[in-house]
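Below are the chains, spelled out letter by letter.
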Amino acid sequence: TQLLEQSPQFLSIQEGENLTVYCNSSSVFSSLQWYRQEPGEGPVLLVTVVTGGEVKKLKRLTFQFGDARKDSSLHITAAQPGDTGLYLCAGGNTGTASKLTFGTGTRLQVTL
Amino acid sequence: DARVTQTPRHKVTEMGQEVTMRCQPILGHNTVFWYRQTMMQGLELLAYFRNRAPLDDSGMPKDRFSAEMPDATLATLKIQPSEPRDSAVYFCASGLVLDGRTGYNQPQHFGDGTRLSIL
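Q: Would you mind showing me how to read the overall build of chain A here?
A: When helices and strands are tallied, chain A shows 0 helices and 11 strands. Relative to the compact-globule value of 13 Å for 112 residues, chain A shows a C-alpha radius of gyration of 13 Å, a close match. In terms of its C-alpha atoms, chain A occupies a principal-axis envelope of roughly 45 × 30 × 20 Å. A burial count over chain A gives 46% of its 112 residues as buried. For chain A, contacts bridging at least 24 residues in sequence account for 55% of all contacts bridging at least 6.

In structure tokens form, the structure reads like this:
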């Protein structure tokens, strides 16, 4: 069974701070997706990375896929209260017919 | 913006009762997923369908759970009989997968979930 461990589990920071969330596995994934989930809503896709070493930027968010495709990170610069939510990584593999393995989640709270 | 619609949004019922959750996937999407989310277990895949055919329901307790797609616009998840340990938020997600070999790259679009409480 492939597992994705995220760290930290919880993070409470003030507006303007930087933070990094990690997503680690002992297994190789063909791709990694990151989702954000706000209270009372379903997860929403932020980004998909498919190549080892790939870096993608989405405004203040920077996503990186590890060279060995076993890990990923999400860095947020100058966090804002609107970044508050549950961040989930999800790994996919060839042959799993579009099934994703979701990580354990990182709950982020950004306060003023 | 097209959205996945789930009903009901909230359900409170007593142990032993039948529960039916419904999902309307985004029009044109051919893959539908059912997930369960709890604080302890996180987001778990229960079952999923491609072109209305079940592909994998290994995450689902077969003795009490059943998932179906009567037509392309409706997916259902039933629990009978329900138990307190079934209390969770159930999500439906849909996606468009044209090539099963690379379908894992495609985004999954989630509904807002059904919050189920079994007393």
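Q: Would you take a moment to explain the pattern of salt bridges for this structure?
A: Oppositely charged side chains can pair when the atoms bearing their charge come close. All names here are of chain B. Within the structure shown, the criterion is met by 9 salt bridges over all chains. In this structure, Asp57 and Lys62 form a salt bridge, with 3.5 Å as the shortest nitrogen-oxygen distance. Relative accessible area serves as the criterion here: at 30%, Asp57 is assigned to the partly exposed category. With a closest N to O distance of 3.5 Å, Glu83 and Arg64 form a salt bridge. Of this pair, Glu83 sits in the loop between strand E8 (74-79) and strand E9 (88-95) while Arg64 sits in the loop between strand E6 (53-56) and strand E7 (65-71), and the two are 19 residues apart along the sequence. On the basis of relative accessibility, which here comes to 23%, the residue Glu83 falls in the partly exposed class. Salt bridges linked by common partners bring Arg64, Glu83, Arg85 and Asp86 together as one network.

Q: Can you help me understand the environment of Gly59(B) in this one?
A: Residues and elements named next belong to chain B. Considering the arrangement of structural elements, one finds Gly59 in the loop between E6 and E7. For Gly59 and Arg85, which are 26 residues apart along the polypeptide, the C-alpha to C-alpha distance reads 15 Å. For Gly59, the residues in contact, after removing those within four places along its chain, are Leu45 and Leu46.

Q: I keep staring at the sheet that holds E7(B) and nothing clicks. Help me out?
A: Sheet strands pair via backbone hydrogen bonds, and the direction of the pair is either parallel or antiparallel. All names here are of chain B. Reading across from one edge, E1-E3-E8-E7 is the order of the 4 strands in this open sheet, with antiparallel pairing throughout. Of all the strands in the sheet, just strand E1 (5-7) and E7 have a single pairing partner and so form its edges. Pairwise comparison of adjacent strand axes, ignoring direction, gives a mean angle of 20° for this sheet.

Q: It is not clear to me how the sheet that holds strand E7 (residues 61-65) of chain A should be interpreted in this structure. Could you clarify?
A: Residues and elements named next belong to chain A. The strand order across the open sheet formed by 5 strands is E1-E3-E8-E7-E6, and the pairing between neighbours is antiparallel. Pairing within the sheet leaves two strands with one partner each, and these edge strands are strand E1 (5-7) and strand E6 (55-58). Direction aside, the axes of adjacent strands within the sheet are offset by 15° on average. Where E7 and strand E8 (residues 71-76) come together, 5 bridges link them in antiparallel fashion. Its bridge partner being in E8, Phe63 is matched across the sheet by Leu74.

Q: Would you mind showing me how to read the state of the cysteines here?
A: What makes a disulfide is a covalent bond joining the sulfur atoms belonging to two cysteines. Residue and element names in this part refer to chain A. Throughout the structure, instances matching the rule amount to 2 disulfides over all chains. With its sulfur 2.1 Å from that of its partner, Cys23 forms a disulfide with Cys89. The sign of the 80° torsion about the S-S bond sets the Cys23-Cys89 disulfide as right-handed. Linking Cys23 in strand E3 (residues 19-24) with Cys89 in strand E9 (residues 85-92), this pair joins segments that are 66 residues apart in sequence.

Rules used in this analysis
Residues numbered from 1 in each chain as written. Chains lettered and ligands numbered in written order. Predicted model: local features only at pLDDT ≥ 70, side-chain atom pairs only at ≥ 80, totals over all residues. Heavy atoms only, no water. Helix = DSSP H or I, 4+ residues; strand = E, 2+ residues; numbered from the N terminus. Rg over C-alpha atoms; globule rule 2.2 N^0.38 Å. Buried < 20%, exposed > 50% of the residue type's maximum accessible area, 1.4 Å probe, protein only. Contact = heavy atoms within 4.5 Å. Salt bridge = Lys/Arg side-chain N within 4 Å of Asp/Glu carboxyl O. Pairing = 2+ DSSP bridges. Axes fitted to C-alpha atoms, helices over the stretch in contact; angles between N-to-C directions. Disulfide = S-S within 2.5 Å.

Any functional reading would require information beyond the geometric quantities listed.
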